[in-house]
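# A structural walkthrough
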Number of protein chains: 2
Amino acid sequence: MSDLPTFSDILTAEKRIRPYIQRTPVFTSRQVNRKAGCKVYFKCEPFQRAGAFKFRGACNAIFSLSDEEAERGVVAHSSGNHAQAVSLAASLRGINAHVVMPENAPAVKIAGVRSYGANLTFCKPTQQSREETAAAISEKTGAIPVHPYNQHETIAGQGTAALELMKEIPDLDFIVTPVGGGGMLSGAAITANQMNEKCRSFGVEPEGSDAARRSLEADSLIRVDQPETIAEGLRASLGDLTFAVIRRYADQVVTVPDSSIVRDMRYIWERMKVLTEPSSAVVVSALFDQKIDCSGKKVGVILTGGNVDLDSLPWLR
Amino acid sequence: MSDLPTFSDILTAEKRIRPYIQRTPVFTSRQVNRKAGCKVYFKCEPFQRAGAFKFRGACNAIFSLSDEEAERGVVAHSSGNHAQAVSLAASLRGINAHVVMPENAPAVKIAGVRSYGANLTFCKPTQQSREETAAAISEKTGAIPVHPYNQHETIAGQGTAALELMKEIPDLDFIVTPVGGGGMLSGAAITANQMNEKCRSFGVEPEGSDAARRSLEADSLIRVDQPETIAEGLRASLGDLTFAVIRRYADQVVTVPDSSIVRDMRYIWERMKVLTEPSSAVVVSALFDQKIDCSGKKVGVILTGGNVDLDSLPWLR
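It should be emphasised that the depicted structure is a prediction, and the values quoted were computed from it without experimental measurement.

Once chain A is rotated about the relating axis by 180 degrees and shifted along it by 0.0 Å, it coincides with chain B to within an RMSD of 0.0 Å. The superposition of one copy onto the other is thereby described by a two-fold rotation axis. Proximity to the rotation axis, assessed at the C-alpha, singles out V274 of chain A in chain A; its C-alpha lies 2.7 Å from the axis. A symmetric contact is evident, with 96% of the interface residues of chain A recurring at the interface of chain B.

When the parts come together, some accessible area is lost, and that loss is often what is quoted as the size of the interface. Every contact between the two is made by 25 residues of chain A and, on the other side, 24 residues of chain B. Taken together, the two surfaces of chain A and chain B that pack against each other cover about 2,200 Å², and 56% of this comes from carbon and sulfur. Contact with chain B buries surface across chain A, with R30, K273 and L310 of chain A losing the most and accounting together for 31% of the total. When the shortest N-O distance is used, the salt bridge between D311 of chain A and R266 of chain B registers 3.0 Å. Our enumeration of links across chain A and chain B arrives at 10 residue pairs in polar contact (both at pLDDT 80 or more). At the level of elements, helix 2 (30-36) and helix 12 (258-272) of chain A are the ones that each hand at least two residues to the side of chain A that touches chain B.

Taken as a whole and assessed by the stated rule, the structure comprises 14 aromatic pairs over all chains. Taking the centre distance of 4.7 Å and the plane angle of 65 degrees together, the rings of F47 of chain A and F27 of chain B count as edge-to-face. Taken together, the positions of F47 of chain A in the loop between strand 2 (39-44) and helix 3 (54-64) and F27 of chain B in strand 1 (residues 26-27) put the pair across two chains. When sorted by exposure, F47 of chain A lands in the same class as F27 of chain B, which is buried. Judged by centre distance (5.2 Å) and plane angle (90 degrees), the ring pair of W269 of chain A and W315 of chain A falls under edge-to-face. Remark: W315 of chain A occurs in the segment after strand 10 (298-303) and W269 of chain A occurs in helix 12; sequence separation between them is 46 residues. Each member of the pair, W269 of chain A together with W315 of chain A, is buried. In textbook terms, an aromatic cluster arises when at least three aromatic residues are bridged by ring pairs, as seen for F27 and F47 of chain A together with F27 and F47 of chain B. Geometry around F288 of chain B places K35 of chain B over its ring, the cationic atom sitting 5.0 Å from the centre.

Residues and elements named next belong to chain B. Most of strand 2 (residues 39-44) sits out of view: 5 of its 6 residues are buried. In this sheet, strand 10 (residues 298-303) lies alongside strand 2 in parallel orientation, the contact comprising 6 bridges. Counted as the bridge partner of V40 is V299 from strand 10.

What counts, and at which threshold
For every chain, the first residue of its written sequence is number 1, and the numbers climb from 1 along that sequence. To read the labels, note that chains go from A and ligands from 1, taken in the order they are written. Side-chain atom pairs in this predicted model are given and counted only at pLDDT of 80 or more, local residue features only at pLDDT of at least 70, and totals for whole chains, interfaces and linings cover all residues. In computing side-chain values, all of the structure's heavy atoms are included and hydrogens and water are not. Here the copies are matched by least squares. The fit uses the C-alpha atoms of residues with pLDDT of at least 70 in both. Throughout, a residue-residue contact means that at least one pair of heavy atoms, one from each residue, lies within 4.5 Å. Summed over both partners, the accessible area lost on bringing two parts together, with a 1.4 Å probe, is the buried area. The term salt bridge refers to a pairing of a side-chain nitrogen on Lys or Arg with a carboxyl oxygen on Asp or Glu at a separation within 4 Å. Here a polar contact means two N or O atoms within 3.5 Å. Within protein one must be a hydrogen donor candidate and the other an acceptor candidate, and residues neighboring in sequence count only if both atoms are side-chain atoms. Runs of H or I in DSSP of at least four residues are treated as helices and runs of E of at least two as strands, each being numbered from the N terminus. Note on aromatic pairs: the rings of Phe, Tyr and Trp (six-membered ring only in Trp) are paired at centre separations within 6.5 Å, and the planes decide the class, stacked below 30 degrees, edge-to-face beyond 60, tilted for the rest. When a residue's accessible area, from a 1.4 Å probe over protein chains only, is under 20% of the maximum for its type it is buried; when over 50% it is exposed; and in between it is partly exposed. Note on geometry: a ring has a charge over it if NZ (lysine) or CZ (arginine) is within 6 Å of the ring centre and within 35 degrees of the ring normal. Any two strands are treated as partners once DSSP identifies two or more bridges connecting them.

As structure tokens, this is what we get:
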């Protein structure tokens, strides 16, 4: 695929979404550094609007629309964070949003979508059901799809998180992000590749939802149709576009077990006081479980989101 | 009392502790502003080292000691945050810390004290028992007491949080802090009084631990010996020094019920993704319950700490 998103697209996205997004802080923790044996820089997207990095991509996609397109409204499917992001971005642009969510999405994410005034439709918790339901709505209403990851504008928007991080910490050795559909890793890998040729980019997946690792190993797009992991934000497979970007620009995708994800989610809460969701904790697990050899390195990680159902914490189940 | 801590003491403390403390971020939230009807600036001390503002005061007290004094070690009593703060500050200075904690202190705070290598003694959960136990240790070992609030150096250290906040947001109308022993409110009131004569300072207490409000109303120091509130960090009464400072410099102390504290602690977690303890949430309750008329004002609040027992969240009890 020759028409991949570029670093220039990310720079354009950064200018476009700057008035709307939160420039999130970069945190460090001596305790994490000691435990991981490296210097870790946490880009804290739980503090992003709508509680996750997804707002960057949704905002870029929705503010890229022409006025004529925008009038038709937008439609999106998502386990939650992209749904909230699209709802908020659409409300900021003053247009309609139709949102498709799997019926097992966390209550807090459903409530978020409702609070931003989107039209909500539930579907079965499979990628196929999500895509079909969204397509049907698009056909019926004319609403324009905003893909959670497999779209140029989304990827370019997500890349702005890594862009901000690398402007603040230019000499990173590694950048590590979670992988679900691959939008964040795609944006980070393009950014790292352009801003610092020595910086390698890694993705982290739950063992029970390892479509990206499998796809890279097979060098062909593989789906995991019934992912099983507590990290509901990562229950997705790459798309053709994110696969092409990751194949070209990212170094490796590693996997971590759910037990490590729960342990390290709790660790981040206790030590760093940042409310992060399981999908974010995977990056810390990759460091603590030594899935990536980061000894002595400067490692940038994206804590991707913080939308957690506070009535159902994984260590209390 | 003529010998009160001064703004100059706070400036000196700021220079002394700067190499050791975290300069914490100031967060805002559109959702909070809408709900409170004012502009709120959150100084986020959960991200302070040892998880609470108490590290500022402990650090200032311990690094104010002469080498001869420091060699004798220090002793402190606390429900938790001051205990952790003294333990960490002592370990940074390389001296012994003896810590007295009530037997019902949260597990996470006990674990924190242990992790910093302090000598730990448990006592009954009353102010009298805490003070007597600490005094006995001091007498036996020669260790120098570091008071959690009723001491010049502690108050001056706590004042640096308000100092940083007001340097960043100079035109605050109000500054609002929790009140337990009154160290934070004392430091904030001195700072506000000096930096911006229009800025009024307020304290907030739980209804079940309202010694400061009662003392101001009676114009005489009143203790609440068996405080009942979920905000364990505020189960304390003013000392003579903090009473004198607050009486002179603070405008008012208001109270909020535990039901509001739990509701707003959860609100901060869900909307702001900052892990705050019940003792911090009181300031948000004062705004949301309109205990302070802040309509249209610029309001600085100190979120004081984030050391929460994650096995025992108040909305899941």
